[in-house]
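For reference, the chains in residue letters:
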Amino acid sequence: MLTDWKTWPYLIVCLSGLQSVNGLSTWGATIIKSLGFTSIRANLLNAPAPIIAAFGGVALATYVDRYKRFGYAIMFAAIWTIAGVVALYHLPVTQKGSWAFYAALVVTGAAPSWQPINVTWLSLNQKSPQRRAIAYAVYIGCSNLGGTYGNQVFRGSDAPLYRKAWIACLSLAGVWLAVVIGQTITFQWANARYIKKHSGNHDSEAEQLYVDRKGRQFLYYW
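Cut-off values and rules
- Residues numbered from 1 in each chain as written.
- Predicted model: local features only at pLDDT ≥ 70, side-chain atom pairs only at ≥ 80, totals over all residues.
- Heavy atoms only, no water.
- Helix = DSSP H or I, 4+ residues; strand = E, 2+ residues; numbered from the N terminus.
- Expected span 1.5 Å × (residues − 1).
- Buried < 20%, exposed > 50% of the residue type's maximum accessible area, 1.4 Å probe, protein only.
- Arc of directions from axis to C-beta.
- Core = buried A, V, L, I, M, F, W, Y, C linked by side-chain atoms within 4.5 Å.
- Contact = heavy atoms within 4.5 Å.
- Axes fitted to C-alpha atoms, helices over the stretch in contact; angles between N-to-C directions.
- Parallel < 35°, antiparallel > 145°, perpendicular 65-115°, else oblique.
- Left-handed = near helix turned anticlockwise from the far one by under 90°.
- Nonpolar A, V, L, I, M, F, W, Y, C, P; charged D, E, K, R; others polar.
- Salt bridge = Lys/Arg side-chain N within 4 Å of Asp/Glu carboxyl O.
- Patch = residues over 30% accessible without salt bridge, like charges linked within 9 Å, V, L, I, M, F, W, Y side chains within 5 Å.
- Areas by Shrake-Rupley, 256 points an atom, 1.4 Å probe, with all protein chains shown as cover.
- Phe/Tyr/Trp six-rings, centres within 6.5 Å; stacked < 30°, edge-to-face > 60°.

Asker: What is the right way to look at helix α4 (residues 48-67) in this model?
Answerer: Count 3.6 residues to each turn of an α-helix, and residues three or four apart come out pointing the same way. End to end, α4 covers 29 Å across 20 residues, agreeing with the expected 28 Å (1.5 Å per residue, within 8%). Looking only at α4, the buried set comprises Ala49, Ala53, Gly56, Gly57, Leu60 and Val64. Projection of α4 onto a plane perpendicular to its axis shows the buried side chains occupying an angular sector of 115 degrees, all on one side. Summarising the geometry of α4, the exposed residues directed more than 90 degrees from the buried face are Phe55, Val58, Asp65 and Arg66.

See below:
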């Protein structure tokens, strides 16, 4: 399973995607406080983003459950995040512009929760319970490992503009989006080859993972 090419894109997406905004969940209230708000008000203002992200995650999961388009859903979350980080990088952090910066911070943190979708995608594209169990273990390990550096991008010396932090977040999000796009295209290509090679061949049914609404057999969810 560790030498399977299908496994690593999920791990790279985990390491880059989760950590592109991981610091915001830890340091969000501190960043808001640096805009001139009191500690209590900063914590209250930090609350809406994860709540909105949870509802967005449910909506995104509903879309995936219906259409089985995992890659598209995660791309949507990645593009949302990148747009938010770009706004945070360019907005001025002044008393006049603080509310605009705060709004961008909330929007960025409110990107739909996509981690459960990626884990499910990884699980469904494994052919046996044994491989699935190992894939889960490695994935969760990567998720925890990412927290080591994801929380280190926001430094006091970089406040209140956090230019270096936003560049780091944007770079990670760029890797995240690029890998998801490449992964989705690769799965589509592999499925197209499979259909072309095994069209009308009932002996290949043991290899397939799922059948779409039109009755076509596919190797991979994408």
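We are not done yet, so read on.
Asker: I'm lost on the nonpolar core in this one. Help?
Answerer: In a soluble, globular protein the nonpolar side chains are often hidden away together inside. Formed by 37 residues in total, the largest nonpolar core has its most connected members in Ile74, Trp114, Ile117, Trp121, Tyr139 and Trp176. Elements with a contribution of two residues or more to this core: α1 (7-17), α4, α5 (70-90), α7 (115-124), α8 (129-150) and α9 (163-198). Here this core gets eight residues from one element, more than from any other, and that element is α9. Leave out the neighbours within four places in its chain, and Tyr139 touches Tyr10, Leu11, Cys14, Trp114, Gln115, Asn118, Val119 and Leu122. The next biggest cluster of nonpolar side chains, apart from the first, holds 21 residues, and it includes Leu45, Leu105, Val106 and Cys169.

Asker: So what exactly am I meant to see when it comes to the packing of α5 against α9 here?
Answerer: Packed helices, taken two at a time, are described by the angle their axes make and the gap between the axes. Contact geometry of α5 with α9 gives a least axis separation of 9 Å together with a crossing angle of 160 degrees. With respect to α9, the axis of α5 lies roughly antiparallel. Handedness of the crossing formed by α5 with α9: left-handed. For the contact of α5 with α9, the per-class residue count stands at 20 nonpolar, six polar and one charged.

Asker: Could you clarify how one ought to interpret the pattern of salt bridges in this entry?
Answerer: Close approach of charged atoms lets side chains of opposite charge pair. Applying the stated rule across the entire model yields two salt bridges. Notably, a salt bridge pairs Asp4 with Lys6, separated by 2.6 Å at the nearest N-O pair. A single burial state applies to Asp4 and to Lys6, both of which are buried. Each of Asp4, Lys6 and Arg131 takes part in a single network of salt bridges with overlapping partners.

Asker: Sorry, what's going on with the packing of α4 against helix α6 (residues 98-109) here?
Answerer: Closest axis-to-axis distance for the α4/α6 pair is 7 Å, and the angle between their directions is 35 degrees. Considering the relative orientation of α4 and α6, their crossing is right-handed. Only Tyr102, Val106 and Gly109 of α6 make contact with α4, whose side of the interface consists of Pro48, Ala49, Ile52 and Ala53. Each residue belonging to the contact of α4 with α6 can be placed in one class, and the counts come to six nonpolar, one polar and no charged.

Asker: Please explain a nonpolar patch on the surface as it appears in this structure.
Answerer: Nonpolar side chains collect at one region of the surface, where Leu2, Trp8, Ile12, Ile134 and Val175 lie side by side and expose about 440 Å² of accessible area between them. Its location among the elements puts Leu2 in the segment before α1. Using a relative accessible area of 47% as the deciding quantity, one classes Leu2 as partly exposed.

Asker: Looking at this structure, I do not really get the packing of aromatic side chains. What am I missing?
Answerer: Aromatic rings in a pair are described by how distant their centres are and how their planes are angled relative to each other. Evaluation of the coordinates by the stated rule reveals 17 aromatic pairs. Where Phe70 meets Tyr221, the ring centres are 5.8 Å apart and the plane angle is 85 degrees; that geometry is what we call edge-to-face. Separated by 151 residues along the polypeptide, Phe70 in helix α5 and Tyr221 in the segment after β2 (217-218) bring together distant segments of the chain. Overall, the relative accessible area of 11% leaves Tyr221 in the buried class.

So, to be careful, I would describe these as geometric facts and stop short of saying anything about function.
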